[in-house]
Amino acid sequence: MGRKVPPQLGASVLRSVLQRRCSPDAIIIESEEDFNNSLKKVQEGALPAIFYFSAVWCGPCKFLAPVVNQLSKMYPPCVTYKIDIDMEGMQSKLSELGISAVPTLNFFNGGKKVATVVGADVKKIKDIMDEFFK
């Protein structure tokens, strides 16, 4: 039987705790402001990065999280940002970015988005990382 969530814990707090446990090497985005600041930092600093859009309830996301973390370790300058699509206040940003399915990974290099993967296609993700982050 699953654990009961204490009433004082809201869904967003629980989601944050679960995400931190599942992706210790990713930077967890916790608000739209957090997302905007991280995206600006990546674009202005021309930093290699992955924006990994997922959801707590998504089976393929759960499968993919440790794979993305492992691949990120193979390319040290690359930073992974994990965004829960169900986070409060993110719906308009998701629409603006065209995120309509999870998992979705947006790859940035040289300040620009260079590739997108929708779904848990590990080979495609690895190929993109080999091409842009080696």
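Structure: above.
Along each chain, residue indices are assigned from 1 in the same order as the chain's sequence is written. Local features in this predicted model are restricted to residues whose pLDDT is 70 or higher, and side-chain atom pairs enter the listing and the counts only when it is 80 or higher, whereas totals over whole chains, interfaces and linings include all residues. Computation of side-chain values covers all heavy atoms of the structure but excludes hydrogens and water.

On to helix α2 (residues 32-44), then. Helix and strand definitions follow DSSP, with helices as H or I runs of at least four residues and strands as E runs of at least two, each counted in order from the N terminus. Multiply 1.5 Å by the residue count of a helix minus one, and that product is the helix's expected span. Between its first and last C-alpha, α2 extends 18 Å over 13 residues, near the 18 Å set by a 1.5 Å rise per residue. Listed in full, the buried residues belonging to α2 are F35, S38, L39 and V42. Each buried residue of α2 sits inside an arc of 100° when the element is viewed along its axis, so together they form one side. Residues of α2 that are exposed and point over 90 degrees away from its buried face: E33, K41 and E44. It only takes one pair of heavy atoms within 4.5 Å for two residues to be counted as in contact. Check the buried side of α2 and you find it contacts β2 (49-54), β3 (79-84), α4 (91-97) and β4 (104-109). Just beyond α2, the residue with positive phi is A46, at close to 50°. Summary of the burial criterion: residues with accessible area below 20% of their type's maximum are buried, those above 50% are exposed, and those between are partly exposed, where the area comes from a 1.4 Å probe applied to protein chains only. Taken from the helix axis, the directions to the C-beta atoms give the arc we talk about.

Here the focus is the pattern of salt bridges. Criterion for a salt bridge: a side-chain nitrogen of Lys or Arg within 4 Å of a carboxyl oxygen of Asp or Glu. For the structure on display, the rule yields three salt bridges. A salt bridge links D127 to K123; the nearest nitrogen and oxygen atoms lie 2.9 Å apart. Residue D127 and its partner K123 are both found in helix α5 (residues 122-133); the two are separated by four residues, about one turn of the helix. K123 sits in the exposed class, given a relative accessible area of 56%.

Next up on the list: the pairing of strand β5 (residues 112-118). For two strands to be treated as a pair, DSSP must find at least two bridges joining them. Sheet analysis places β4 next to β5, joined by six bridges and oriented antiparallel. The partner of F107 across the bridge, within β5, is A115. Linking two consecutive strands that pair antiparallel, namely β4 and β5, is a turn of two residues; a positive phi of about 65° is found at G110 within it.

Let us now look at the pairing of β2. Counting buried residues along β2, six of its six residues qualify, which places the element largely inside the surrounding structure. Because side chains alternate across β2, one face comprises the buried residues A49, F51 and F53, and the other comprises I50, Y52 and S54, equally buried. Here β2 pairs with β4 via five bridges, running antiparallel. Each residue of the ladder has a partner; that of F51, found in β4, is N106.

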